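Per-entry structural report
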Amino acid sequence: SIIDRIEQEADEQGRPRAEIFRELPSAAAYPDYYRLVKRPISLAEIQDRLDNHGYGSVDALVADLDRMWDNAMFYNQEGSLVWE
């Protein structure tokens, strides 16, 4: 699946790029995340929606992936590992 392909991607040091996107951040560890990010989404939620035929188009899938990346860039500091 597309999610499997995303999860296989690694950075120059061999670290999986998608690892931190698999699940939503812990509300206990990052309470401000849920105050700041209005529409959180993770790869797990995207995969669930794919499994349940919840996307009517490729554009809708791409929009959710874009939202996930945008959330990460909004919440994390520019230049950080997550942001990059």
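Residues numbered from 1 in each chain as written. Predicted model: local features only at pLDDT ≥ 70, side-chain atom pairs only at ≥ 80, totals over all residues. Heavy atoms only, no water.

The subject of this paragraph is the overall build of the protein chain. Scanning the protein chain from terminus to terminus reveals four helices and zero strands. In sequence order, the protein chain lays out its α and β elements as α-α-α-α. Computed over C-alpha atoms, the radius of gyration of the protein chain comes to 13 Å, within 12% of the 12 Å expected from 2.2 N^0.38 for 84 residues, which places it in the range of a compact globule. Projected onto its principal axes, the C-alpha coordinates of the protein chain cover approximately 35 × 35 × 20 Å. When the 84 residues of the protein chain are sorted by exposure, 24% land in the buried category. Sequence-distant contacts in the protein chain: of pairs separated by 6 or more residues, those separated by 24 or more amount to 45%. Surface summary for the protein chain: the accessible area is close to 5900 Å², and the carbon and sulfur share equals 50%. (Helix = DSSP H or I, 4+ residues; strand = E, 2+ residues; numbered from the N terminus. Rg over C-alpha atoms; globule rule 2.2 N^0.38 Å. Buried < 20%, exposed > 50% of the residue type's maximum accessible area, 1.4 Å probe, protein only. Contact = heavy atoms within 4.5 Å. Areas by Shrake-Rupley, 256 points an atom, 1.4 Å probe, with all protein chains shown as cover.)

What follows covers the packing of helix α3 (residues 43-51) against helix α4 (residues 58-75). Helix packing geometry: the angle between the two helix axes and the distance between the axes. The contact between α3 and α4 brings their axes to 10 Å, and the two run at 170 degrees. As the angle between them shows, α3 and α4 are arranged roughly antiparallel. Contact residues: α3 offers Leu43, Ile46, Arg49 and Leu50, while α4 offers Leu61, Asp64, Leu65 and Met68. (Axes fitted to C-alpha atoms, helices over the stretch in contact; angles between N-to-C directions. Parallel < 35°, antiparallel > 145°, perpendicular 65-115°, else oblique.)

Here we take up the pattern of salt bridges. The final tally for this structure, using the stated rule, is five salt bridges. Between Asp11 and Arg15 there is a salt bridge; the shortest N-O distance is 2.8 Å. Given the relative accessible area of 13%, Asp11 is considered buried. Exposure remark for Arg15: the relative accessible area of 37% places this residue in the partly exposed category. Between Glu12 and Arg17 there is a salt bridge whose closest N-O contact spans 3.6 Å. Overall, Arg17 belongs to the partly exposed group, its relative accessible area being 41%. Each of Arg49, Asp64 and Arg67 takes part in salt bridges that share partners, so that together they form one network. (Salt bridge = Lys/Arg side-chain N within 4 Å of Asp/Glu carboxyl O.)

One pass over the structure, following the stated rule, counts three aromatic pairs. Ring centres 5.2 Å apart and planes at 75 degrees place the aromatic pair Tyr33 and Tyr34 in the edge-to-face group. The exposure class assigned to Tyr34 is partly exposed, which follows from its relative accessible area of 30%. You can call Tyr33 buried: its relative accessible area is 7%. (Phe/Tyr/Trp six-rings, centres within 6.5 Å; stacked < 30°, edge-to-face > 60°.)

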